[in-house]
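Summary of structural features
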Amino acid sequence: MDFMRPAGALGKYLPVKAVVALGFMLALSIARFNLLDNYIQLVLMLIGINLILTLSLNLVNGYMGEFSVGHAGFMAAGAYVSSILSVRVLASYSPVWVFPCAVLAGGLAAGVVGLAVAVPSFKTRGDYLAIVTLAFSMIVKSVIENIDAVGGPRGFLGMDKLTTLPWVFFWTVAAVWIIRNFIYSRFGRGVLSVREDEIAADLTGVNTRNVKMLAFVVSSFFAGIAGGLYAHLIQYISPGVFDIVKSTEMLVMVYLGGVGSIAGSMIGAATYTVLLEALRPLGIWRMAVMPLLLILLMIFRPKGIMGYREARWLSPSFGRGTGKDK
Amino acid sequence: MTAPGNLKLPPQAGGGAALELKDVTHHFGGLRALSGVNFAVAPGELAGIIGPNGAGKTTVFNLITGVYKPSIGKIIFHGREITGMRSSNITELGIARTFQNIRLFKELTVLDNVRAAHYARMKVNPLEALFHSGRHRSEEKRVTEESRDLLERFGLGGSAGEISKNLPYGSQRRLEILRAAATNPSLILLDEPAAGMHPGEVEQLMSFILELKKQFSLTVLLIEHQMRLVMGMCSHIVVLDFGMVIADGGPQQVRSDAGVMKAYMGSAK
Amino acid sequence: MIYFFQQALNAAQLGSVYALIALGYTMVYGVLSMINFAHGDFFMVGAFLCFVGVVVLQLSFIPVLLLAMAGVTMLGVATERVAYRPLRNAPKASAIITSLGVGIFLEHFTLGLSPYPKYIPPVLPSFSFNAGGVSVSTFQLATISISFILMLALYLVVNKTRVGLAMRAISADRGIVPLMGVPVDKIIALTFALGSGLGGAAGVMYAMAYPVIDPYIGIIIGWKAFISAVIGGIGNIRGAVLGAYILGTVEIMTAAFLPSTYRDLVAFSLLLILLIFRPHGLLGRAESQKV
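Residues numbered from 1 in each chain as written. Chains lettered and ligands numbered in written order. Predicted model: local features only at pLDDT ≥ 70, side-chain atom pairs only at ≥ 80, totals over all residues.

**Focus: the environment of V98 of chain A**
Residue and element names in this part refer to chain A. Structurally, V98 is set in helix α5 (residues 95-123). Note: C-alpha distance between V98 and I199 (101 residues apart in sequence) is 45 Å. In this structure V98 touches S86, L90 and Y93, once residues within four positions along its chain are discounted. (Helix = DSSP H or I, 4+ residues; strand = E, 2+ residues; numbered from the N terminus. Contact = placed C-beta atoms within 7 Å.)

Here you go:
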C-alpha cells in the first residue's frame, strides 16, 4: 500500500522505512549465514514473539481499558491450529508456504475465538469481564487437555523448526504497523472513547459493540500469530504452556512497558525477555526475583515506563511540524 | 468544513414535529419516574425543559437517546419511531446530547474528542483502516480538517492538542457541546449547560449556543435550572413536576401558569 | 442413595475448603474493590505451614491450625501494608498486577525453599466410621466442623461488632467513611487479617485431604475459590459460602459421573454460563450506571 502514498507522506516516514528494510536484510543474513550465536538468535526471536503478544494485550487492556487475564487462551488457539495444520494437513507441501499459511490460519482461528469473548464484553465490564476472559482461557486449556488427538495434557509435537529470525521480524513489523494503523483510525478512536467513557461514546455515535468486537478480533488474531510462531520455534506445545502464568507474563510486559503505548510495548517486551534470560543464573530463584521487580515498578511507576505516551515516530503527527498534537 | 447545516434529510419529512413524545411512561423498579409525558418540539425551535429536582428531566433525555427504554409510550423523531433503538443508532439518525456532569473523553486531546464524534459518519471499513488504505487516509485528513475548523470557529482552536481534562471548566462545557455538534445532529439535547457557571460565563454560553444553532440549523432542547436563561432563550418551555408535564407553551404562558408557580417556586433557586 | 450421600459428604468437605478461601477474596473485594490474586498463594503458604508444624515442629492438630492461621494472617497483613497500600489510589490495574506479582513471588519463593513436593503425615488419628452406610473420616468431620465454626465466628464479627460495622460501611462507600471517623487503614488491615487467617486454615484442611503439596497448589484451588466468590457475587460474604458449596457439589458430581479431566471444564463453563445470565453473581447486586 505504501507506494500509493503521496510523496510528502513517503518522505516523512523514510527513515523509519529505511530502518525496517535494513533490519529485515540483517535478519535475513543473520539467519542465512549464522552470524549470531544460536542462543542470541533465540532470544531475539522470543523478544519479537513477546512483542506481538504485548501489543495484542495492550490493545485490549491499555487502549480499550478492559482487563483481559486470559490472552494465553488465544495464543493456545493459534499455536494448536497452526501446528496441526503444518504437521497433519499441509505436511506434504513445501515448507516455504506451508509455514506462513499455517501461522496465518492460527491467527485467524484465534480471531474467531476472540469473537467469543467479545460478546460477553457487551454486557460485562471491569472485574467481571476479567473473570470471563480467565474462565474462557481455562476452558480452552481444558478442552485441549480433553482432546486425545492432539496429545491431551501430554502436548503436541512434530513441528519442524520453521520459525526463523526473518519471519519473526516480518510478523513483528506487521503487528506494529497494523496495530498502529488501527489505533490512529476511526475505530481506534472508538476504542479509546470506550475506555474513557462507554456511555458517552455510545451517545457520540460510536458503535461500541462493533468497536469492541473489532478490538478483540485484532488482538486475538495477533496473539494467535504469536502462538504459531512460538510453536514452530520451541517445537513443542502443551496445554500447560498456555496457563495463567503465560497470561500473567503478558500482563507484566504490558504494564512494565506502559499501557496504551506501542513504544512502551516494545520496551516492555524487550526488557522482560532480556531480564528473564539475564536472571537465568539465579536458577530456581529467578521467578521469585522477577515479580519483586514488577511490584517495585508498580509502586513507583504504576502506569509503566511509557504509560500512555508514544514515541514520536509512531504517531501520525510525526514530522508534520504544524498542529502540535501532543 | 463542508457546508454547515443539516445534511441529513428528515427520514420522513412532513411529520411536522422534529421530536415528539407520546404518552411516555417510565418506571425504575417500582418507582414511577415519568407518567404519560406528551410534548413535541418543532424543527428549528429552541425549547427548554424546566422543573424541580427529581422531576424527571434527565430521564426524558435518557429515554430520547436510548440510554433507557420507556416502559410505555413512543418517541418519534422526524416522523420515525426511535423507541428502544440503540443509542449509537439514535445519534447516527441525528440526535446528539451533552450531560449534566460533563462526560468528556478525559485523557484524549480536545481534537480527538471531536474526531471521535465523526465515528458514525466516516466511510472506512476495518480492513481499510488496518492496512492504511488511500480512502482511510483521505477520510482521516477530512475529519481532522473539519474538526480543527469546528474548534477554530468556536474558540477552542488554540487548545486542539491539549488533553481535555486540563481545560478550564467553561471550555470543557463548550467542548462537550462541540463534540455533540460534530456528530452532525439535527437535534441537540443540552443537559444543564450552564450548571456551575457564573453569570458572565452564562452570557457567553448563551451566545455560543445561539451561534451553534444558527450555523448548524439545529433544533435545540435544553434542560436548565436557571430561569433567566430559559426565559431569555427559549421560545417553547415544557414544565415537568413529579414526572408529569404540568405546563407546555411560550415563556409568557408558562410564567403566568398558576400550577407552575406553585410547583416551581417551592424549590427554585 | 448411599453413594449419593457419600458424594454429598465429599462435596461438603471440598465446599468447606473453597468457602474458607472464597471468603478471603470476597472480603478484600468488599472493602477495596480489588481482586487479591495472591490469595490462593496465601492458602498455599498455609498448607506449607501445616507441613512445618507437623513435620518440623511435631505439633498436634490444634497448634498446627493456629500456627498456619497466625502465619498466613501476618503474611496477609504484611502484603497489604507493603505492596497494596501504596497503590490504593493508583489505577486499578496496577493493584491487580501487583497481586499477581505477589502470587508468583510466593510460589517461586516457596519453590526455592522446597524444590520437591512435600508429604504431610496425618495430623489427626485417621479412621473412618460408618454412619448408615456412609463412611465418614475424621478429616472430613474436622474440616466441615471447623469451617463451620470459623464461618460462624466471621459472621458474628462482621454483623455484631463495631469493627464489622466499619467494614460494611467501607464496603458501601469508601469515600465518605473516613469523614465519619472510621480508621480506614486499620479496618482494611483487619480485613486482610481475617481473610488471610481463613485462607491459612483452609491450607491445613486441604493438606489433610490431599497430603502431597507443592508450591503451585494455590493456583488452581485459588481460582476455584475465586470462582465460588464470583458465583455468589463477589463482595458478598454469604454469596461466597453459597458459591463455594455449589461449586464443590458440581465438581464432585462431575468427577463422580464424568472423566475427572472434565472437572475444570465444567467448573469454568458453569462460571461463564452463570455470568451470562446473572452478570453479578447469585447474590451480588448490579451497580447501576448513573447518566
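Additional details are given in the paragraphs that follow.
**Quick word on the interface of chain A and chain C**
Opposite the 34 residues of chain A that make contact, chain C presents 36 residues. Among the elements of the structure, α5, α6 (126-145), α11 (244-257) and α13 (286-300) of chain A are those that each provide at least two residues to the side of chain A that touches chain C. Sort the elements by how many residues they give to the side of chain A that touches chain C and α6 of chain A lands first, with eleven residues. Classifying every residue of the side of chain A that touches chain C gives 25 nonpolar, five polar and four charged. (Nonpolar A, V, L, I, M, F, W, Y, C, P; charged D, E, K, R; others polar.)

**Thoughts on the domain arrangement of chain B**
Residue and element names in this part refer to chain B. According to the domain assignment, chain B contains domain 1 (19-94 + 185-265) and domain 2 (109-171). If you average the C-alpha positions of domain 1 and of domain 2, the two centres end up 28 Å apart. Opposite the eight residues of domain 1 that make contact, domain 2 presents four residues. Elements represented by at least two residues in the side of domain 1 that touches domain 2 include exactly α2 (87-93) and α7 (199-215). In terms of residue class, the side of domain 1 that touches domain 2 is built from three nonpolar, three polar and two charged. (Domains from an automatic or database assignment.)

**Some thoughts on the sheet that holds strand β3 (residues 46-50) of chain B**
All names here are of chain B. Overall, mixed pairing links the six strands, which are arranged β6-β7-β8-β3-β9-β10 in an open sheet. Each edge of the sheet is formed by a strand with only one pairing partner; in this case those strands are β6 (95-97) and β10 (244-249). Here the average twist between neighbouring strands, direction ignored, is 20 degrees. (Pairing = 2+ DSSP bridges. Axes fitted to C-alpha atoms, helices over the stretch in contact; angles between N-to-C directions.)

**What about the sheet that holds strand β5 (residues 80-81) of chain B?**
Within a sheet, neighbouring strands are paired by backbone hydrogen bonds and run either parallel or antiparallel to one another. Residue and element names in this part refer to chain B. In spatial order, the strands read β2-β1-β4-β5; together these four strands make up an open sheet with antiparallel pairing. A single partner strand is all that each edge strand has here, and the edge strands are β2 (31-41) and β5. In terms of strand pairing, strand β1 (residues 19-28) meets strand β4 (residues 72-77) through five bridges, oriented antiparallel. Within β4, the position partnered with L19 by the bridge is F77.

**Comments concerning the packing of helix α8 (residues 186-196) of chain A against helix α10 (residues 208-234) of chain A**
Residue and element names in this part refer to chain A. Look at α8 against α10: their axes get within 9 Å of each other, and the N-to-C directions meet at 105 degrees. By the criterion of interaxial angle, the relationship of α8 to α10 is roughly perpendicular. On the side of α8, the interface is formed by F187, G190, V191 and V194, while α10 contributes T208, V211, K212, L214 and A215. (Parallel < 35°, antiparallel > 145°, perpendicular 65-115°, else oblique.)

**What about the confidence of the model for chain B?**
Atomic detail in the predicted coordinates should be set aside for any region of low pLDDT. With 92% of its residues at a pLDDT of at least 70, chain B reaches an overall mean of 88. Considering only residues more than four positions removed or in separate chains, one finds that residues 1-14 of chain B, a stretch of pLDDT under 50, has 22 contacts. (pLDDT = per-residue confidence, 0-100.)

**Regarding the confidence of the model for chain C**
On average, residues of chain C score 88 in pLDDT, and 98% of them are at 70 or above. This prediction of the complex comes with two scores: 0.88 for pTM and 0.88 for ipTM.

**Quick word on the pairing of strand β8 (residues 219-223) of chain B**
Residues and elements named next belong to chain B. Burial of β8 is extensive: five of the five residues sit out of reach of the surface. Burial along β8 is two-sided: the face carrying T219, L221 and I223 and the face carrying V220 and L222 are both buried. Here β3 runs beside β8; their pairing, made up of four bridges, is parallel. Counterpart to A47 in the pairing with β8 is L221. Bridge count between strand β7 (residues 187-191) and β8: five bridges; the pairing is parallel. Bridge pairing in β8 places L187 opposite T219. The β-α-β motif built from β7, the intervening α7 and the parallel element β8 has right-handed crossover chirality. (Buried ≥ 20, exposed ≤ 12 C-beta atoms within 10 Å, placed from the backbone. Right-handed = clockwise from strand over helix to strand, strands pointing away.)

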